[in-house]
Amino acid sequence: MAEHFAQPPNWQWYITLYFYLAGIAGGSYVLATILRWRGGAGDERLARVGYTLAFPLVVVCGALLTIDLGQPMRFWHMMIDTTPGAAGLNFKYWSPISLGTWALLLFSLFSFLSFVMSWKLNRDQNYAQPPGYAKVINVLGSIVGLFLASYTGVVLSVSNQPVWSDSWVIGALFVASGLSAAAAAIAWLGRSQAGPGEARLSVADGYFALLELVALIVFFITLSMAGTLGLTFRGIYWLLWILVVLSLIPPLRNLSGGRAPSALVPIVVLVGVLLMRIAVIFSAQY
Amino acid sequence: MDNPERYGFPNAQNAVLPRRNNVKGYVAAFFMAAIGVFAGVKALGAPVSDDTTGEG
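Residues numbered from 1 in each chain as written. Chains lettered and ligands numbered in written order. Predicted model: local features only at pLDDT ≥ 70, side-chain atom pairs only at ≥ 80, totals over all residues.

## A word on the overall build of chain B
Within chain B, the regular secondary structure consists of 2 helices and 0 strands. Taken over 56 residues, chain B has a buried fraction of 21%. (Helix = DSSP H or I, 4+ residues; strand = E, 2+ residues; numbered from the N terminus. Buried ≥ 20, exposed ≤ 12 C-beta atoms within 10 Å, placed from the backbone.)

Next up, the structure:
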């Protein structure tokens, strides 16, 4: 059993929103890449919704993370080591926070390039496939995006905080829920361009909700084995967890097929994923 | 005052960042991401009819 002898890091809304939006940004980029390069005719429009969403979100992510540092003007110390005699890049492969900082920077670059390309193609009213070199950018950006969506959970797992450190599955839980929220966000924002892609997005969301449910069950099992399951269900948090589980039902029902996508389901999914992040982050500290 | 070692705590010389779930956390996230991408491609990939009609 883990020994906990650390004070809570006092991570509140800035970090909660950062973890939430990073999941949507990374997930949106990945789904946009799948829609663009593996989707059907007409999916390019939805792909551009995903790329157009990812960059503004990652800008907000950077702002939230910087503000949470307490001394925002020193944010660059996360990347540059100014220690006399050891000055250079601040890259610590064993630290998820250090890796995440670099991932955020890299993803900002990829998402910016894809954002500009989408804007330019939209301006030209050109719904043809983008140039071939975009595929390299999109695939590399997707890999970094998946890391961005998942490392936020790994950061929690490697801490010494009860609940967080009692489970190794939080990274997996965050990447599954990030993809689910991203599918919901693209479906909702792209609903005016509804087509066959929207129906397939709702099916994809069903798969992601199923993966999130599996990760959630493993999360509860690992907490139970560590004896800290009660901690995450105390106070108001049991109600949050019930709402989180209930929010998985509408996207799961999409898997049964034959049902027209509802405009309400993406909202339910987005709220449910936010509540899950709140329950994980706050219940371990307060 | 007692030393930290007396209570099984690390001291200033041997304290390290917690890394209990570092590898397990990344491995679990990697597999979930791989399954997620597979599921995404399966759900969002072009229907067969798109492939056959697209090339004229």
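## A few points about the overall build of chain A
In terms of regular secondary structure, chain A is built from 9 helices and 2 strands. Against the compact-globule benchmark of 19 Å for 286 residues, chain A has a radius of gyration of 19 Å, which places it among compact chains. Projected onto its principal axes, the C-alpha positions of chain A cover 55 × 55 × 25 Å. When burial is assessed residue by residue, chain A has 49% of its 286 residues classed as buried. Within chain A, contacts between residues separated by at least 24 positions form 78% of all contacts whose residues are at least 6 apart in sequence. (Rg over C-alpha atoms; globule rule 2.2 N^0.38 Å. Contact = placed C-beta atoms within 7 Å.)

## Some points on the environment of Ile249(A)
Residues and elements named next belong to chain A. Assignment of secondary structure puts Ile-249 in helix 8 (residues 237-253). Taking the C-beta count within 10 Å as the criterion, Ile-249 has 13 such neighbours and is therefore assigned partly exposed. The spatial distance from the C-alpha of Ile-249 to the C-alpha of Val-273 is 13 Å, given a sequence separation of 24 residues.

## Details of the interface of chain B and chain A
When the parts of a complex come together, some accessible area is lost, and that lost area is often used as the size of the interface. If you look at the interface, chain B gives 27 residues, while chain A gives 36 residues. Elements with a contribution of two residues or more to the side of chain B that touches chain A: helix 1 (22-44) and helix 2 (48-54) of chain B. Sort the elements by how many residues they give to the side of chain B that touches chain A and helix 1 of chain B lands first, with 16 residues. Tallied by class, residues from the side of chain B that touches chain A come to 16 nonpolar, 7 polar and 4 charged. (Nonpolar A, V, L, I, M, F, W, Y, C, P; charged D, E, K, R; others polar.)

## A closer look at the packing of helix 3 (residues 96-123) of chain A against helix 4 (residues 133-157) of chain A
One can describe the packing of helix 3 of chain A onto helix 4 of chain A by two numbers: an axis separation of 8 Å at closest approach and a directional angle of 145°. As helix 3 of chain A packs across helix 4 of chain A, the resulting crossing turns out to be left-handed. (Axes fitted to C-alpha atoms, helices over the stretch in contact; angles between N-to-C directions. Left-handed = near helix turned anticlockwise from the far one by under 90°.)

## Section: the packing of helix 8 of chain A against helix 9 (residues 264-283) of chain A
If you want to describe how two helices pack, look at the angle between their axes and the distance between the axes. All names here are of chain A. In the contact formed by helix 8 and helix 9, the axes pass within 8 Å of each other and the chain directions differ by 150°. One element, helix 8, and the other, helix 9, form an angle in the roughly antiparallel class. Between helix 8 and helix 9 lies a crossing of left-handed hand. When helix 8 is examined against helix 9, the residues Tyr-237, Leu-240, Trp-241, Leu-243, Val-244, Ser-247, Leu-248, Pro-250 and Pro-251 are found in contact with a partner set consisting of Val-265, Val-268, Val-269, Val-271, Gly-272, Leu-275, Met-276, Ile-278, Ala-279 and Ser-283. Looking at the contact of helix 8 with helix 9, its residues break down into 16 nonpolar, 3 polar and no charged. (Parallel < 35°, antiparallel > 145°, perpendicular 65-115°, else oblique.)

## Examining helix 6 (residues 196-226) of chain A
The periodicity of an α-helix, 3.6 residues per turn, causes residues three or four places apart in sequence to face the same way. For helix 6 of chain A, spanning 31 residues, the distance from its first C-alpha to its last is 45 Å, which sits close to the expected 45 Å at 1.5 Å a residue. One or two residues past the end of helix 6 of chain A sits Gly227(A), with phi positive at roughly 80°. (Expected span 1.5 Å × (residues − 1).)

## Describing unusual backbone geometry
A positive phi angle, close to 60°, is found at Asn10(A), a residue other than glycine. Looking at the secondary structure, you find Asn10(A) in the segment before helix 1 (13-38).

## Some points on the environment of Gly40(B)
Its location among the elements puts Gly40(B) in helix 1. The exposure class of Gly40(B) is buried, given the 26 C-beta atoms found within 10 Å. Apart from the residues within four sequence positions on either side, Gly40(B) is in contact with Val30(A), Leu31(A), Ile34(A), Leu179(A) and Ala204(A).

## Digging into the nonpolar core
In this structure, Ala25(A), Leu31(A), Leu148(A), Val175(A), Ala183(A) and Ile186(A) are the most contacted members of the largest nonpolar core, which totals 91 residues. Once residues lying within four places of it in the same chain are set aside, the contact partners of Ala183(A) are Leu31(A), Leu201(A), Ala204(A), Asp205(A) and Phe208(A). (Core = buried A, V, L, I, M, F, W, Y, C linked by C-beta atoms within 7 Å.)

## Quick look at the confidence of the model for chain B
Residue and element names in this part refer to chain B. Per-residue confidence for chain B gives a mean pLDDT of 79; residues scoring 70 or more make up 79%. Within the model, pLDDT remains below 50 along residues 51-56, and this stretch shows 2 contacts once partners closer than five positions in the same chain are excluded. Prediction confidence for the complex, expressed as pTM and ipTM, is 0.90 and 0.91 respectively. (pLDDT = per-residue confidence, 0-100.)

## Some thoughts on the environment of Ile217(A)
Residue placement: Ile217(A) occurs in helix 6. With 12 C-beta atoms packed within 10 Å, Ile217(A) lands in the exposed category.

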